[in-house]
Each structure stands twice: as structure tokens, then as C-alpha cells.
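Survey of secondary and tertiary structure
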Amino acid sequence: QNMLEELLIHKPDDPIQYMINHLKQNNDDAPRICVLGPSASGKTTVAMWLCKHLDAIRVSRETLLFKEILALTKEAKAYKERKQKIPNALWANLIQERLSNVDCIKQGWILEGFPENQEQAWMLQSSGIIPRHVVVLYAPDTVLIERNSGKRLDPFTEEVYHTTFDWPSDPLVQRRLVKPEDLSEQEMSKKLLEYHRNFPGVFQIYQKVLKSINADQPSMDVLSQVLTYVQTRHRSAAPFTPRILFCGPPGGGKSLQAALITQKYGVVNICCGQLLKEAVAGKTKLGELVKPYIDNGYPVPDNLVMKILAERLNALDCMTNGWVLYGFPRDIEQGEQLQKSHIIPN
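Let me begin by describing the structure that accompanies this report. (Residues numbered from 1 in each chain as written. Predicted model: local features only at pLDDT ≥ 70, side-chain atom pairs only at ≥ 80, totals over all residues. Heavy atoms only, no water.)

1. Points about the packing of aromatic side chains
Within the structure shown, the criterion is met by 3 aromatic pairs. Pairing Y195 with F199 gives two aromatic rings, centres 5.6 Å apart and planes at 20°, and the pair type is stacked. Remark: F199 and Y195 occur in helix α11 (residues 185–206); sequence separation between them is 4 residues, near one turn of the helix. Residue classification places Y195 among the buried residues on the basis of a relative accessible area of 18%. Centre to centre, the rings of F199 and F203 are 6.2 Å apart; their planes meet at 50°, and the pair counts as tilted. Of this pair, F199 and F203 both sit in helix α11, 4 residues apart, which is roughly one turn of the helix. Classification of F199 by relative accessible area gives buried; the value is 18%. (Phe/Tyr/Trp six-rings, centres within 6.5 Å; stacked < 30°, edge-to-face > 60°. Helix = DSSP H or I, 4+ residues; strand = E, 2+ residues; numbered from the N terminus. Buried < 20%, exposed > 50% of the residue type's maximum accessible area, 1.4 Å probe, protein only.)

2. Things to note about the sheet that holds strand β2 (residues 57–59)
One open sheet accounts for 5 strands, arranged β2-β3-β1-β4-β7; its pairing is parallel. Looking at which strands have only one partner, the edges of the open sheet turn out to be β2 and β7 (210–214). Strand-to-strand twist of the sheet, defined as the mean angle between neighbouring strand axes without regard to direction, takes the value 20°. Here 5 bridges tie strand β4 (residues 133–138) to β7, and the two strands are oriented parallel to one another. Counted as the bridge partner of V135 is K211 from β7. Strand contacts of α11: β1 (32–36), β4 and β7, with the helix running at about 155° to β4, the strand carrying the most contacts. (Pairing = 2+ DSSP bridges. Axes fitted to C-alpha atoms, helices over the stretch in contact; angles between N-to-C directions. Contact = heavy atoms within 4.5 Å.)

3. Side note on the pattern of salt bridges
Here the structure, examined in full by the defined rule, presents 5 salt bridges. In this structure, R58 and E112 form a salt bridge, with 2.7 Å as the shortest nitrogen-oxygen distance. Of this pair, R58 sits in strand β2 while E112 sits in strand β3 (residues 109–112), and the two are 54 residues apart along the sequence. On the basis of relative accessibility, which here comes to 7%, the residue E112 falls in the buried class. (Salt bridge = Lys/Arg side-chain N within 4 Å of Asp/Glu carboxyl O.)

4. What to know about unusual backbone geometry
Look at the link from F114 to P115: it is a cis peptide, with omega at 5°. Within the secondary structure, P115 sits in the loop between β3 and α8 (118–126). Geometrically, the link from F328 to P329 is a cis peptide bond, its omega value of 0° lying close to zero. One can find P329 in the loop between β10 (323–326) and α18 (332–340).

5. Notes on the nonpolar core
Residues L50 and Y206 are the most contacted members of the largest nonpolar core, which totals 55 residues. For this core, the element with the highest residue contribution is α11, accounting for 7 residues. With residues near it in sequence (within four places) discarded, Y206 still touches P115, A121, L124, Q125, P131 and V134. With 23 residues, the next largest nonpolar core counts V268, I308, C318 and F328 among its residues. (Core = buried A, V, L, I, M, F, W, Y, C linked by side-chain atoms within 4.5 Å.)

What follows is the structure in C-alpha cells.
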């Protein structure tokens with residue numbers, strides 16, 4: 001799906017070579033995350049923590065202007081020095097240049113605080129920068145204004161602390177903390193007003209991959225909810241054949257759940273024990289080999305079970321409608337045999 005998206009966006013002259021290169025990179029699972037939210041909502045803290053946890057590259061306005069040596073950095077800094085607003089198109093080009101570097105392609109990226117409005121989001125989309133997960137932090141404006149006044153920055157690590165909510169225990173860190181160029185309460189209110197005006201446009205573009213998380217709770221709760229979300233996979237709308245495996249102890253309800261799923265989705269219901277009995281009753285060649293074991297109450301050897309199972313799961317109805325299987329595998333060896341036979345549940 002990701003490769004198809006990339007093909008449609010980039011329209012390469014040689015699509016076959018492009019697909020080969022894409023598969024060689026083997027980076028479809030690399031994180032592509034945007035962390036958004038108003039000022040003082042904790043974007044930097046969340047983005048830095050995700051980078052450590054997922055071994056991804058953090059990209060923010062600060063890293064683009066002061067840490068990277070990109071072709072467009074000089075131009076962007078000139079706007080900053082003249083105290084002019086950096087144009088959206090320049091930001092989008094800077095981000096595209098940074099995210100096309102090898103480290104971002106291989107390890108994935110966490111884009112912090114961007115896009116801020118719908119125009120920026122459209123520009124990222126048209127550059128082929130499409131996040132898989134968008135995390136939006138929110139909190140009441142009064143809380144954000146209070147947080148803003150107590151914000152402190154560690155210039156060594158770039159980590160953000162707070163005089164009330166998150167003060168470091170290490171005296172060395174405490175001594176080197178600096179107060180960032182803070183916004184006054186009036187400026188902060190103005191910035192929040194602008195954020196609330198622009199956010200609906202961003203939400204409209206990313207609503208299918210966006211999750212809002214309350215930032216007005218203990219930081220570990222926020223981080224845990226963010227991590228849970230960014231590790232989920234969005235279900236593709238493409239049709240697929242379900243291959244479902246139910247495991248669990250006797251009496252756990254496997255047969256009932258399998259019957260309900262069969263009834264609802266029209267997949268083929270396969271109970272391993274029942275399948276063996278049917279093979280014996282049908283007097284098939286494999287059934288004749290299984291019969292003595294069943295008659296004497298002995299377990300049927302795995303290789304025989306696998307042959308009967310593979311034959312049934314490769315039948316036309318299972319291949320077209322999908323299947324739900326229970327009663328096998330019961331141990332690691334049987335699970336490994338299932339995989340060797342290329343019967344892999346999805």
C-alpha cells in the first residue's frame with residue numbers, strides 16, 4: 001500500500017526500478033509521525049521521548065534552523081534575522097529536503113509542531129510527505145498560559161522542564177536551565193487564538209490518522225497514550241481474505257467465537273479435531289492412516305495432521321472466502337510446522 005502511494009505521488013519515469021529501490025530500503029515500518037498542539041502543550045517533550053523510544057529522527061523548526069546545514073537554511077535564517085515570517089512554501093521545502101535524507105528514510109521521523117495550518121498541510125501532502133499518525137495534544141487555555149510562564153529549557157539536551165510540574169532532580173541540570181524567550185500572557189493568548197482558528201483546517205486533512213490526547217494529565221500517562229496510538233496500524237480499506245486463528249484453553253469459547261465469525265463474515269469454519277474425524281469417515285487415503293490412532297485414543301502425528309489441514313486450507317472455498325481455524329496448533333512445534341507450510345494467519 002505504501003509503495004503504491006509513493007508511485008502515485010512521485011510518478012517515476014522507471015516505475016519498476018523505483019519499486020525495486022523502495023523494497024531494498026525496507027522502511028515501510030519506519031515511523032512517520034506529526035506531533036501537533038498549541039504552545040506549552042508538551043510537543044517537544046512528547047517528540048523527544050518518541051524519538052528515544054522508536055529510534056527515529058526528530059525534526060522541528062529549531063532543528064531545521066539551527067542544527068541542520070541544508071541548502072535552504074540560510075534563506076530561512078535571513079527571514080528570521082529580519083524578524084519576518086518564514087513563508088509556508090520555504091518551510092515545506094526545508095522539511096522535504098530534511099526528510100529525504102537517508103537517516104529519516106531508514107529510521108523514520110517525528111515532525112514536531114508542523115503543519116500549523118491547512119495551507120502548510122496541503123504543501124506537505126503535495127511534496128509526498130504523508131504522516132501515518134498525527135498526535136494532537138490539547139489542554140484548557142488557562143492551563144497552557146500558566147505552563148508557559150514556568151517553562152525552562154536545558155540548552156545541552158534541548159529538553160523542556162517546568163518550575164511547578166516537571167523540575168529535574170539533578171542539581172547540575174537545574175543550574176544550567178534557562179528561561180526561553182517567553183511570550184507575555186497577552187502574546188500567548190493571541191497565539192492560542194490563532195491556533196484555534198487554524199486547527200479545524202488541519203484536522204480536516206488528517207482526521208483519518210489523527211488522535212487527540214489530553215495533555216493536562218501526568219506526563220507518563222500522556223506518553224503512554226501517545227505510544228499506544230503510534231504503534232497501531234491503520235486498517236487498509238483494500239479487500240483481503242481473512243485467515244483467523246483462535247487459541248486458548250479448553251472451555252475458552254473458541255468454537256463459539258469461530259461459529260459467530262463464520263456466521264457474520266462467511267469465512268470457512270475449521271475445527272482440527274472435526275477435520276480428522278471427517279477424513280476417517282470419508283475413507284480417504286489420509287483418513288485410513290489416521291483411523292488407527294483415533295480408534296486407539298492416541299494423538300495423531302503432526303505430519304499427518306498437517307497434510308490433512310494443508311489440503312483443506314488450500315481448497316477453493318478457503319482460498320476465496322478465508323477461514324477461521326481452532327484446535328491447532330497446540331504447541332510451538334505445530335506452530336512452526338504451520339508456518340513452514342506457508343499457512344500464515346493474518
